[in-house]
Amino acid sequence: MEMYMSLNRKILKLLSFAQIIVSIVAIVFAVISFSRGGESAEAASSVFGMQLAASVWAMVRDASLILLAIVTIAASAAGIRGANRPSSLGSHRPLSLIGLILGLVCCAIAFGLETIPALIIAVLLALYHIASLIVGGRVRRELDR
């Protein structure tokens, strides 16, 4: 049994904990925004070339942020488990890829609605997923040695 934790495993664990914190912030932001009713119902916004009421886009933004946060928490749990025992890193990579894609979609929606807090949260989570994929790959390679 190995008592030593490599630098990559420590980084993966720290990244995973940071992802959980930002995910909680994302959920709180989305719930507060959703409960306040989002944007004005009369205003229209165009995101991905589709013109809809800003309130509809705000609901889509909030729902996608919550989904992104849930996927991120699942990926983070797999990352923490994999940092402790690299042989159990299994679902970390696919969940991180899904989280990265969702993060980019959330970035586009938040950018289209000009919602700076949501954009910052989505960019942070997307960047964390990229870093987590890189470090998770390094941990996986350590296991293969």
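Please refer to the structure placed before this passage.
An account of the accompanying structure is given in this report.

Calculation criteria
- Residues numbered from 1 in each chain as written.
- Predicted model: local features only at pLDDT ≥ 70, side-chain atom pairs only at ≥ 80, totals over all residues.
- Heavy atoms only, no water.
- Salt bridge = Lys/Arg side-chain N within 4 Å of Asp/Glu carboxyl O.
- Buried < 20%, exposed > 50% of the residue type's maximum accessible area, 1.4 Å probe, protein only.
- Helix = DSSP H or I, 4+ residues; strand = E, 2+ residues; numbered from the N terminus.
- Patch = residues over 30% accessible without salt bridge, like charges linked within 9 Å, V, L, I, M, F, W, Y side chains within 5 Å.
- Areas by Shrake-Rupley, 256 points an atom, 1.4 Å probe, with all protein chains shown as cover.
- Lys, Arg positive; Asp, Glu negative; His and termini not counted.
- Charge placed at Lys NZ, Arg CZ, Asp CG, Glu CD.

## Observations concerning the pattern of salt bridges
Logical step 1: Summed over all chains, the structure comprises 1 salt bridge.
Logical step 2: In this structure, the salt-bridge partner of Asp62 is Arg61, at a minimum N-O distance of 3.0 Å. Here Asp62 matches Arg61 in class, with each residue buried.

## What about unusual backbone geometry?
Logical step 1: With a phi angle near 55 degrees, Glu114 is a residue other than glycine that sits in the positive phi range.
Logical step 2: Judged by relative accessible area, which is 67%, Glu114 ranks as exposed.

## What about the environment of Ile134?
Logical step 1: Mapped onto the secondary structure, Ile134 falls in helix α4 (residues 116–144).
Logical step 2: For Ile134, a relative accessible area of 45% gives the class partly exposed.
Logical step 3: Note: C-alpha distance between Ile134 and Asn8 (126 residues apart in sequence) is 9.7 Å.

## Describing a positive patch on the surface
Logical step 1: Together, Arg93, Arg138, Arg140, Arg141 and Arg145 make up a positively charged patch on the protein surface.
Logical step 2: Looking at the positive patch, the element that brings in the most residues is α4, giving 3 residues.
Logical step 3: When its relative accessible area of 32% is taken as the criterion, Arg140 is described as partly exposed.

Everything listed is a geometric property; what it means functionally is a separate question.
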